[in-house]
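Below, each chain spelled out in residue letters.
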Amino acid sequence: MKPGRIIDTLVLWIILAIPFLGNGQQLTQIQKGYWVACGDDKVLIINPAIGSDSSAVVWKWQFGESANQIPKEYSNYFKSIDECKPVFSNKKILITSSTGATCLLNIADKKIEFYAKTPMAHSADILPRKLVAVANSTHPKGNSLELYQLDQPEKPIYKDTLYSGHGVVWNNRLQQLFVLGYDDLRTYKLTDAKKSLTLVNTIKIPGQGGHDLSRIDDNRLLVSFTDGVVIFSIKERKFDPFSPLADAHHIKSINWNAKINRLVYTKAEESWWTYNIYATNPNQKVYIPTLKLYKVRVCD
């Protein structure tokens, strides 16, 4: 092959490769151990092993990239994203925004596959039969737990009153939904028809301002509130201090892998947001100065 044609071929290969270079934007699935972080109108996927700042971001999404896929009015509802939970084998991200919406985003093509107006939404999770539960916080049309079908955008099929809804976790082994409000932790189960929920029990948390709810394993949950973090034993129905952050204030999100004792969390530092994600074992801080970070989730 002539030198000129070799150069032309190399240039062509470089052009074709550009979309796959930098920031790993062609991700189709989140790898285990990666972090998903959110704030403002953005969601980031972070590889904590490669950096302690924005260089660790391997994928990013801003609502504007997908805004034309859903009704125009939603541009006002995704200005303050506060949940970014990996779901469906880590191929999708369940997103909520305190400015009024919930959506399911496919990582590979950044397509929105479900959307709904959810006033002051703070958390959501996927249930069997392609259902999604959303906890809404303090808003005249919020203070609620809502249930939707993923193939029916904007059409709640169940609603219950829940003051300052902040956390939702589905326990597949127990087939129960755990929901965190201002000062209580509730347990729901799906009805036989699988289209509604039934409240099973309610327990007061040892504090006020319930904020984050995350799964440790099939029998334990982490609960954060204004002035501390506790472990809830589902079987024993009791709370115990979570020693690493027992007296920590304003923990916005918390994730703990008990098997390797790896803790990843965010806490309010600037106001209700932060520019830092903290981790232990090993100790680490990832600084993202371009985003008002709210929550981080760890992919497992």
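## Details of the overall build of the chain
Of the regular secondary structure elements, the chain holds one helix and 24 strands. Of all 300 residues assigned to the chain, the portion counted as buried reaches 52%. For the chain, the proportion of contacts with a sequence separation of at least 24, taken over those separated by at least 6, is 44%. Per element, the accessible surface of the chain, about 14,000 Å² overall, is 52% carbon and sulfur. Taking the 37 positively charged and 28 negatively charged side chains of the chain as two groups, their mean positions are separated by 5 Å.

## Examining the packing of aromatic side chains
The full count for this structure, using the stated rule, is 12 aromatic pairs. Taking 5.7 Å as the distance between ring centres and 65 degrees as the angle between the ring planes, the aromatic pair formed by Phe-114 and Tyr-148 counts as edge-to-face. In this pair, Phe-114 sits in strand 7 (residues 112–117) while Tyr-148 sits in strand 10 (residues 144–149), placing the two residues 34 residues apart along the sequence. Judged by its relative accessible area of 1%, Phe-114 is buried.

## So, the pattern of salt bridges
For side chains of opposite charge, pairing can occur when their charged atoms come near one another. Within this structure, the stated rule accounts for 18 salt bridges. Note that Glu-73 and Lys-117 form a salt bridge whose closest N and O atoms lie 3.7 Å from each other. Here Glu-73, found in the loop between strand 3 (57–62) and strand 4 (81–87), pairs with Lys-117, found in strand 7; they are 44 residues apart in sequence, far enough to count as distant. Judged by relative accessible area, which is 33%, Lys-117 ranks as partly exposed. For Asp-212, the salt bridge is made with Lys-295, and the minimal N-O distance between the two is 3.8 Å. Taken together, the residues Asp-212 in strand 16 (residues 212–217) and Lys-295 in strand 24 (residues 293–298) connect sequence positions 83 residues apart.

## So, the nonpolar core
Val-43, Ile-45, Trp-59, Phe-78, Ile-93 and Ile-95 are the most contacted members of the largest nonpolar core, which totals 26 residues. Secondary-structure elements contributing two or more residues to this core are strand 1 (35–39), strand 2 (42–46), strand 3, strand 4, strand 5 (92–97), strand 6 (101–106) and strand 7. The residues contacting Ile-93, other than those within four sequence positions of it, are Ile-30, Val-36, Val-43, Ile-45, Trp-59, Cys-84, Lys-85, Val-87, Cys-103, Leu-104, Leu-105 and Ile-107. Residues Leu-145, Leu-147, Leu-177 and Leu-197 belong to the second largest nonpolar core, which totals 15 residues.

## Overview of the environment of Gln-26
Of note, Gln-26 is situated in the loop between helix 1 (3–17) and strand 1. For Gln-26, a relative accessible area of 41% puts it in the partly exposed group. A sequence separation of 185 residues divides Gln-26 from His-211, and the C-alpha atoms of the two residues are 33 Å apart.

## Some thoughts on the environment of Asn-90
With respect to the helices, strands and loops of the structure, Asn-90 is situated in the loop between strand 4 and strand 5. Once the C-alpha coordinates of Asn-90 and Ile-277 are considered, the two residues, 187 residues apart in sequence, prove to be 20 Å apart. Non-local contacts of Asn-90, meaning those with residues more than four positions away in its chain, are made with Gln-29, Ile-30, Ile-107, Cys-299 and Asp-300.

## Concerning the confidence of the model for the chain
Detailed conclusions should not be drawn from predicted coordinates in areas where pLDDT is low. On average, residues of the chain score 92 in pLDDT, and 92% of them are at 70 or above. Counted against residues more than four places away or in other chains, residues 1–24, with its pLDDT under 50, gives 10 contacts.

## Describing the state of the cysteines
Enumeration over the complete set of coordinates arrives at zero disulfides. A disulfide-free cysteine, Cys-103 has its sulfur positioned 11 Å from the sulfur of Cys-38, the nearest such atom.

## With respect to the side chain of Ser-137
Structurally, the position occupied by Ser-137 is in the loop between strand 9 (131–136) and strand 10. You can call Ser-137 buried: its relative accessible area is 2%. In this structure Ser-137 touches Pro-119, Met-120, His-122, Gly-142, Asn-143, Ser-164, Gly-165 and His-166, once residues within four positions along its chain are discounted.

## Description of the pairing of strand 10
Of all six residues making up strand 10, six are buried, and the element is well covered by its neighbours. Burial of the side chains of strand 10 extends over both faces: Ser-144, Glu-146 and Tyr-148 are buried on one face and Leu-145, Leu-147 and Gln-149 on the other. Sheet topology places strand 9 next to strand 10; six bridges connect them, and they run antiparallel. Bridge pairing in strand 10 places Ala-135 opposite Leu-145. Taken together, the four bridges between strand 10 and strand 11 (residues 158–161) define a ladder with antiparallel strand orientation. Counterpart to Glu-146 in the pairing with strand 11 is Lys-159.

What counts and what doesn't
Residues numbered from 1 in each chain as written. Predicted model: local features only at pLDDT ≥ 70, side-chain atom pairs only at ≥ 80, totals over all residues. Heavy atoms only, no water. Helix = DSSP H or I, 4+ residues; strand = E, 2+ residues; numbered from the N terminus. Buried < 20%, exposed > 50% of the residue type's maximum accessible area, 1.4 Å probe, protein only. Contact = heavy atoms within 4.5 Å. Areas by Shrake-Rupley, 256 points an atom, 1.4 Å probe, with all protein chains shown as cover. Lys, Arg positive; Asp, Glu negative; His and termini not counted. Charge placed at Lys NZ, Arg CZ, Asp CG, Glu CD. Phe/Tyr/Trp six-rings, centres within 6.5 Å; stacked < 30°, edge-to-face > 60°. Salt bridge = Lys/Arg side-chain N within 4 Å of Asp/Glu carboxyl O. Core = buried A, V, L, I, M, F, W, Y, C linked by side-chain atoms within 4.5 Å. pLDDT = per-residue confidence, 0-100. Disulfide = S-S within 2.5 Å. Pairing = 2+ DSSP bridges.

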